[in-house]
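# Understanding the architecture of this molecule
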Amino acid sequence: MNMITGHMRGALVALALLLPVLPAFAQTPMSAEEFEAYVTGRTLTFGSGGAPYGIEEFRPGRRTIWAFIGDQCREGYWFPRDEQICFVYDDAPESEHCWIFWRSDNGLGARFMGDTSDTELYEVENSTRPLICPGPEVGV
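A short tour of the structure in this document, coming up. (Residues numbered from 1 in each chain as written. Predicted model: local features only at pLDDT ≥ 70, side-chain atom pairs only at ≥ 80, totals over all residues. Heavy atoms only, no water.)

## A few points about the packing of aromatic side chains
Within a pair of aromatic rings, the relevant descriptors are the distance that separates the centres and the angle that separates the planes. Put simply, the rule reads: Each aromatic pair joins two rings of Phe, Tyr and Trp (for Trp, the six-membered one) with centres within 6.5 Å, and gets the label stacked for planes under 30 degrees apart, edge-to-face for over 60, and tilted for any other angle. Secondary structure follows DSSP: runs of H or I at least 4 residues long count as helices, runs of E at least 2 residues long count as strands, and numbering of each begins at the N terminus. Only protein chains enter the accessibility calculation, which uses a 1.4 Å probe. A residue is then buried if its area is under 20% of the maximum for its type, exposed if over 50%, and partly exposed in between.
This model, assessed by the stated rule, comprises 12 aromatic pairs. Ring plane angle 40° and centroid distance 4.5 Å describe the contact between Phe 35 and Phe 101, whose orientation is recorded as tilted. On the criterion of sequence distance, the pair formed by Phe 35 in helix α2 (residues 32–39) and Phe 101 in strand β6 (residues 96–104) is long-range, its members being 66 residues apart. On the basis of relative accessible area, Phe 35 is assigned to the buried category, the value being 0%. Judged by its relative accessible area of 4%, Phe 101 is buried. Three or more aromatic residues joined by ring pairs form one cluster here, namely Phe 35, Phe 58, Trp 78, Phe 87, Tyr 89 and Phe 101.

See the structure below:
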C-alpha cells in the first residue's frame, strides 16, 4: 500500500467515526415556503428528550399561538431569516426565538439557534384542531 492510500484510509476511518456524533441540524433545513406549507392550518405538539415540550397552532399570515405544556398561551408570528425560522411573541416583542426545522420520517425536527443551542424538538402530534387556551384567571 502506498503512502497516499494509507493517509486516505486513515482520513476515511476518522470521518466514519465522527459521523454518528454530527448534530441533528446537519439535516437539510426547510425553506420558509416549505415550512409554511407544512404548518399552516395545523396544531403541532412537540417533544424533547422523551417528554412533552409544547404546542403551537400555526394560523394563516404566519401568525401562531404557542404554549409550553401546562402553561398559558402566547400569540405571535414567525418570519424567515436565512435558514432559520424565527418567532416573536406579543408578550415579549423584543425577543426572537430562532430555530432550524427539517423534515424527518416522523415529522418535523427543530434545533434552537440561540445562546443555548442544545434544545432539540421533534413533532409528536399533528392536528387540525385549534389550540385550547384557557385564560389565566379560569377557576379563580
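## Looking at the environment of Tyr 122
Our working rule: Throughout, a residue-residue contact means that at least one pair of heavy atoms, one from each residue, lies within 4.5 Å.
Within the secondary structure layout, Tyr 122 lies in strand β8 (residues 120–127). Residue classification places Tyr 122 among the partly exposed residues on the basis of a relative accessible area of 32%. Note: C-alpha distance between Tyr 122 and Leu 44 (78 residues apart in sequence) is 9.7 Å. In this structure Tyr 122 touches Thr 45, Phe 46, Gly 47, Ser 48, Gly 49, Gly 50, Ala 51, Leu 108 and Gly 109, once residues within four positions along its chain are discounted.

## Observations concerning the layout of surface pockets
The line we're drawing: A cavity here means a set of points on a 1 Å grid, drawn over the protein atoms and nothing else, where a 1.4 Å probe fits but cannot get out; a pocket is an open set with protein on both sides within 12 Å along at least five of seven lines, and a residue lines either one if it has an atom within 4 Å of a point. Grid points are joined across faces, edges and corners, and a volume is the space filled by probe spheres set on the points. Gly falls in the polar group here, along with every residue not listed as nonpolar (Ala, Val, Leu, Ile, Met, Phe, Trp, Tyr, Cys, Pro) or charged (Asp, Glu, Lys, Arg).
In this structure, the largest pocket encloses a volume near 230 Å³. The element that contributes the greatest number of residues to the lining of the largest pocket is β6, accounting for 3 residues. Across the lining of the largest pocket, the residue classes tally to 10 nonpolar, 1 polar and 2 charged.

## Section: α2
This is how it is decided: Of all possible arcs, the one meant is that of the directions from the helix axis to the C-beta atoms.
All of the buried residues along α2 are Ala 32, Phe 35, Tyr 38 and Val 39. With its buried residues spanning 130° around the axis, α2 presents them on a single face. Exposed residues on α2 whose side chains face more than 90 degrees from its buried face are Glu 33 and Ala 37. Positive backbone phi, approximately 85°, marks Gly 41, located one or two places after α2.

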